[in-house]
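Listed below are the residues making up each chain.
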Amino acid sequence: LKQKLDQEAMEGGCGLCRKPFSLVFNRPHRCKACNVHFCQTCASMKMPLDGPESQPRRCCMRCYVRIADEEWEAKMAEAGATTDGASSSNGPTPYELMVVDEEY
């Protein structure tokens, strides 16, 4: 069964950027939230998927942003704030918190 799943992943390429997989340089990585195969770049995020106390697990960028949005909206709802994005007085959104370090 594992060989069949690996073969399907190898044929389809990355679920986000569509880059083809190889056995050495671009191996498939499965997002633990949506179970789709992604390249290392597109599935490099880690987030606790089974609640805030769980271990961080690999997830793709789409799931990371979706889950972060849900958590942010839940926190804002607890605080009684609006989440329509019209005002920045509620603090930064998950999109604003995602910082890309360009100085490697």
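Our structure is the block above this text.
Residues numbered from 1 in each chain as written. Predicted model: local features only at pLDDT ≥ 70, side-chain atom pairs only at ≥ 80, totals over all residues. Heavy atoms only, no water.

Novice: Where do I start with the overall build of the protein chain in this structure?
Specialist: Looking only at helices and strands, one finds three helices and four strands in the protein chain. Within the protein chain, the fraction of its 104 residues that count as buried is 24%. Taking the contacts inside the protein chain whose residues are at least 6 apart along the sequence as the reference set, 28% of them involve residues at least 24 apart. Carbon and sulfur atoms make up 52% of the accessible area of the protein chain, which totals about 7800 Å². (Helix = DSSP H or I, 4+ residues; strand = E, 2+ residues; numbered from the N terminus. Buried < 20%, exposed > 50% of the residue type's maximum accessible area, 1.4 Å probe, protein only. Contact = heavy atoms within 4.5 Å. Areas by Shrake-Rupley, 256 points an atom, 1.4 Å probe, with all protein chains shown as cover.)

Novice: Sorry if this is basic, but what is going on with the state of the cysteines here?
Specialist: Joining two cysteines, a disulfide is a covalent bond between their sulfur atoms. Considering all chains together, one arrives at zero disulfides under this definition. The structure places no disulfide on Cys 31, whose sulfur is separated from the nearest cysteine sulfur, that of Cys 34, by 3.6 Å. The cysteine Cys 60 is free of any disulfide, with Cys 63 supplying the nearest cysteine sulfur at 3.6 Å. (Disulfide = S-S within 2.5 Å.)

Novice: For this particular structure, what's the right way to read helix α2 (residues 61-79)?
Specialist: Residues that lie three or four places apart on an α-helix share one face, since the helix turns once every 3.6 residues. Taking 1.5 Å per residue, 19 residues should reach 27 Å; α2 reaches 27 Å between its end C-alpha atoms and fits that length. Within the span of α2, buried status applies to Cys 63, Val 65, Ile 67, Ala 68, Asp 69, Trp 72 and Met 76. Backbone geometry just downstream of α2 places Gly 80 in the positive-phi region, at approximately 80°. (Expected span 1.5 Å × (residues − 1).)

Novice: Mind showing me how you'd approach the nonpolar core here?
Specialist: If you look at the biggest cluster of nonpolar residues, it comprises 14 residues, and the most contacted ones within it are Cys 14, Cys 31, Phe 38, Cys 59 and Cys 63. The dominant element in this core, judged by the number of residues it contributes, is α2, at three residues. Not counting chain neighbours up to four residues away, the residues in contact with Cys 14 comprise Lys 19, Phe 21, His 37, Phe 38, Cys 39 and Cys 42. (Core = buried A, V, L, I, M, F, W, Y, C linked by side-chain atoms within 4.5 Å.)

Novice: What is the right way to read unusual backbone geometry from this model?
Specialist: Most of the time, phi is negative for any residue but glycine, and the peptide bond is trans. Look at Arg 18: it is not a glycine, yet its phi comes out positive at around 65°. Non-glycine residue Asn 35 carries a positive phi angle of around 60°. For Asn 35, the location among the structural elements is in the loop between β1 (29-30) and β2 (37-38).

Novice: Explain the side chain of His 29 here, please?
Specialist: With respect to the helices, strands and loops of the structure, His 29 is situated in strand β1. His 29 gets classed as buried once you look at its relative accessible area, which sits at 13%. In terms of polar contacts, His 29 uses its side chain to reach the side chain of Gln 40, at 3.3 Å. Among all residues touching His 29, those that are not within four sequence positions of it are Val 36, His 37, Phe 38, Cys 39, Gln 40, Ala 43 and Arg 58. (Polar contact = N/O pair within 3.5 Å; in protein donor to acceptor, adjacent residues only side chain to side chain.)

Novice: Is there a simple way to explain a nonpolar patch on the surface in this structure?
Specialist: On the surface, Leu 23, Val 24 and Phe 25 cluster together into a nonpolar patch covering about 440 Å² of accessible area. The residue Leu 23 is located in the loop between α1 (2-12) and β1 in this model. (Patch = residues over 30% accessible without salt bridge, like charges linked within 9 Å, V, L, I, M, F, W, Y side chains within 5 Å. Salt bridge = Lys/Arg side-chain N within 4 Å of Asp/Glu carboxyl O.)

Novice: In this structure, what is going on with the pattern of salt bridges? I would like to understand it.
Specialist: A pair can form between side chains of opposite charge whenever their charged atoms are brought close. Going through the model one piece at a time under the given rule, you end up with one salt bridge. Ionic pairing is found between Arg 66 and Glu 70, a salt bridge with its closest N-O pair at 3.4 Å. Note that Arg 66 and Glu 70 are positioned in helix α2 at a spacing of four residues, about one turn of the helix. We classify Arg 66 as partly exposed; its relative accessible area is 39%. The exposure class assigned to Glu 70 is partly exposed, which follows from its relative accessible area of 45%.

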